[in-house]
Amino acid sequence: MKRVRLIQNNPFSHFAVYIVDNIFDEEYRYQMLATVKEITEKDKMNKSTNVKASMSTWFELFEHELFQRFFTEAIEHAQTFYSLRACVPNESFDYTLIDAWAMKHSKGDYTLMHTHGPSTWSAAYYLQIPEQTYMKFPDFNHVEPLQANSLYLFHSLIKHEVGVQQYEEPRYSIAFNIKQDFIKNE
């Protein structure tokens, strides 16, 4: 069963981390995992980004029809979370997926502290986590134990990092950015 959790300092702010646990059925998660394992076998970015692990290109996931359901549901969650906290909840926005990439963190790999500006929303989804792993959110003075099949959705300016992978079995994940643009009613 899906469950939504929240990390926040202020209950009125959009600056929060929205966590959706058990977001997908196991069959779909395993299909995505198999594809992510395949496309991260070789590091296409040569550890030149904040991700010091094997990584797909920024846009490679767009080439796979399999991820369309994933992106659609993630955008729907961003729309819902924004509307629940908006001063004017009936405002219209256009949500556009900017980029999306897959990652394989092997033992010794990590992700540096970073943000995702100038996009509006950023997210990480964990397909497989072999042992306890944490994502740090210093803006909230919070360290979150990560869970497989959970989506972590947050404003793109929120700082975050994942420490060194300590385990032999790899951790697999997907990250992406969404731009949210106001639609003027004429």
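Residues numbered from 1 in each chain as written. Predicted model: local features only at pLDDT ≥ 70, side-chain atom pairs only at ≥ 80, totals over all residues. Heavy atoms only, no water.

Taken in spatial order, the five strands of this open sheet run β3-β6-β11-β8-β9, and their pairing is antiparallel. Of all the strands in the sheet, just β3 (51–52) and β9 (142–145) have a single pairing partner and so form its edges. As defined by bridge partners, β3 adjoins strand β6 (residues 110–114) across two bridges and the pair is classed as antiparallel. Residue pairing across strands places Val51 opposite Thr111, the latter belonging to β6. (Pairing = 2+ DSSP bridges. Helix = DSSP H or I, 4+ residues; strand = E, 2+ residues; numbered from the N terminus.)

Before going further, it helps to spend a moment on a nonpolar patch on the surface. Side chains of Trp58, Phe59 and Phe62 sit close together on the surface and give an oily, nonpolar patch of about 280 Å² of accessible area. Here Phe59 is to be found in the loop between β4 (54–55) and α2 (68–85). You can call Phe59 partly exposed: its relative accessible area is 45%. (Patch = residues over 30% accessible without salt bridge, like charges linked within 9 Å, V, L, I, M, F, W, Y side chains within 5 Å. Areas by Shrake-Rupley, 256 points an atom, 1.4 Å probe, with all protein chains shown as cover. Salt bridge = Lys/Arg side-chain N within 4 Å of Asp/Glu carboxyl O. Buried < 20%, exposed > 50% of the residue type's maximum accessible area, 1.4 Å probe, protein only.)

Following the sequence through the fold, Leu33 ends up in helix α1 (residues 26–39). Distance from Leu33 to Gln128, taken between C-alpha atoms, is 7.5 Å for residues 95 residues apart in sequence. Sequence-distant contacts of Leu33, defined by excluding residues within four places in its chain, comprise Leu127, Gln128 and Tyr172. (Contact = heavy atoms within 4.5 Å.)

As a further point, take the nonpolar core. Among the nonpolar cores identified, the biggest contains 35 residues, and Phe70, Trp121, Tyr125 and Phe176 are the most heavily contacted of them. Ranked by the residues each element gives to this core, the list is headed by α2, at seven residues. For Tyr125, the contacting residues outside a window of four places in its chain are Ile23, Phe24, Arg29, Met32, Phe70, Asn149, Ser150, Leu151, Tyr172, Ser173 and Ile174. Counting 14 residues, the second largest nonpolar core, distinct from the first, contains Ile7, Tyr126, Ile129 and Tyr152. (Core = buried A, V, L, I, M, F, W, Y, C linked by side-chain atoms within 4.5 Å.)

Attention now goes to the sheet that holds strand β1 (residues 3–8). Pairing is antiparallel across the open sheet formed by seven strands, whose spatial order is β1-β2-β10-β7-β12-β5-β4. Lying at the two open borders of the sheet, with one neighbouring strand each, are β1 and β4. Sheet analysis places strand β7 (residues 121–128) next to strand β10 (residues 150–155), joined by six bridges and oriented antiparallel. When the sheet's bridge partners are listed, Ala123 is paired in β10 with Leu153. Set on the sheet, α1 makes contact with β5 (93–105), β7 and β12 (171–182); between it and β7 the angle comes to about 95 degrees. Strands β1, β2 (16–21), β5, β7, β10 and β12 of the sheet are contacted by α2, whose axis makes an angle of about 125 degrees with β5. (Axes fitted to C-alpha atoms, helices over the stretch in contact; angles between N-to-C directions.)

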